[in-house]
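Residue-level structure breakdown
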Amino acid sequence: MDSDATPRNTETAILDRLIAPERDDLPPEAARYLLGIDFGQVDRERMNQLASKAQEGVLTGEEVVEAQNYRHVSHFLALLQSKARRSLKRARLPA
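**So, the overall build of the chain**
Broken down by element type, the chain carries 4 helices and 0 strands. Taken from N to C terminus, the helices and strands of the chain fall in the order α-α-α-α. Per-residue burial for the chain yields a buried fraction of 21% across its 95 residues. In the chain, of all internal contacts separated by at least 6 residues, the share reaching a separation of at least 24 is 76%.

Structure, rendered in structure tokens:
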């Protein structure tokens with residue numbers, strides 16, 4: 001079987017298929033709730049620290065995993081919020 005024809009089963013690809021951010025089928029209340037989710041100050045500061053260390057090339061192995069975890073969660077949140085925005089747009093409701 002040609003590997004190009006097989007869908008990739010990375011975490012990102014699986015989440016994308018599961019959440020289907022291109023669909024606009026969330027109830028308005030759920031969409032507004034999802035749009036209200038955000039990282040707190042402590043997490044933002046930690047992400048900035050990790051980004052600075054990554055630019056300097058001094059991340060430890062543990063920090064590389066931590067940065068990847070933040071990246072995965074950020075992507076997950078972006079998928080959910082994209083779906084939420086589409087759903088509110090379909091319903092013609094303000095976010």
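**Observations concerning the nonpolar core**
The biggest cluster of nonpolar side chains holds 8 residues, and these are Ile19, Leu26, Ala31, Leu34, Leu79, Leu80, Ala84 and Leu88. Elements with a minimum of two residues in this core: α2 (28-35) and α4 (61-91). The element that contributes the greatest number of residues to this core is α4, accounting for 4 residues. Apart from residues no more than four positions distant in its own chain, Ala84 is found in contact with Leu26, Ala31, Leu34 and Leu35.

**Digging into unusual backbone geometry**
Generally, phi is negative for residues other than glycine and the peptide bonds are trans, each holding for most cases. Backbone geometry at Ala20 places phi at a positive 50°, although glycine is not the residue there. Judged by relative accessible area, Ala20 falls into the buried class, the value being 4%.

**Here we look at the pattern of salt bridges**
Applying the stated rule across the entire model yields 7 salt bridges. Glu63 is the salt-bridge partner of Arg46, the closest N and O atoms lying 3.7 Å from each other. In this pair, Arg46 is assigned in helix α3 (residues 41-56) and Glu63 in helix α4, connecting sequence segments 17 residues apart. With a closest N to O distance of 2.8 Å, Arg46 and Glu66 form a salt bridge. Note that Arg46 is positioned in helix α3 and Glu66 in helix α4, a separation of 20 residues in sequence. A single network of salt bridges, built from pairs that share partners, joins Arg46, Lys53, Glu63 and Glu66.

**A short note on α3**
Helix length check: α3 (16 residues) gives 23 Å between terminal C-alpha atoms against 22 Å at 1.5 Å per residue, within 8%. One or two steps after α3, the chain reaches Gly57, where phi turns positive at roughly 75°.

Here is what the cut-offs are and how they apply
Residues numbered from 1 in each chain as written. Predicted model: local features only at pLDDT ≥ 70, side-chain atom pairs only at ≥ 80, totals over all residues. Heavy atoms only, no water. Helix = DSSP H or I, 4+ residues; strand = E, 2+ residues; numbered from the N terminus. Buried < 20%, exposed > 50% of the residue type's maximum accessible area, 1.4 Å probe, protein only. Contact = heavy atoms within 4.5 Å. Core = buried A, V, L, I, M, F, W, Y, C linked by side-chain atoms within 4.5 Å. Salt bridge = Lys/Arg side-chain N within 4 Å of Asp/Glu carboxyl O. Expected span 1.5 Å × (residues − 1).

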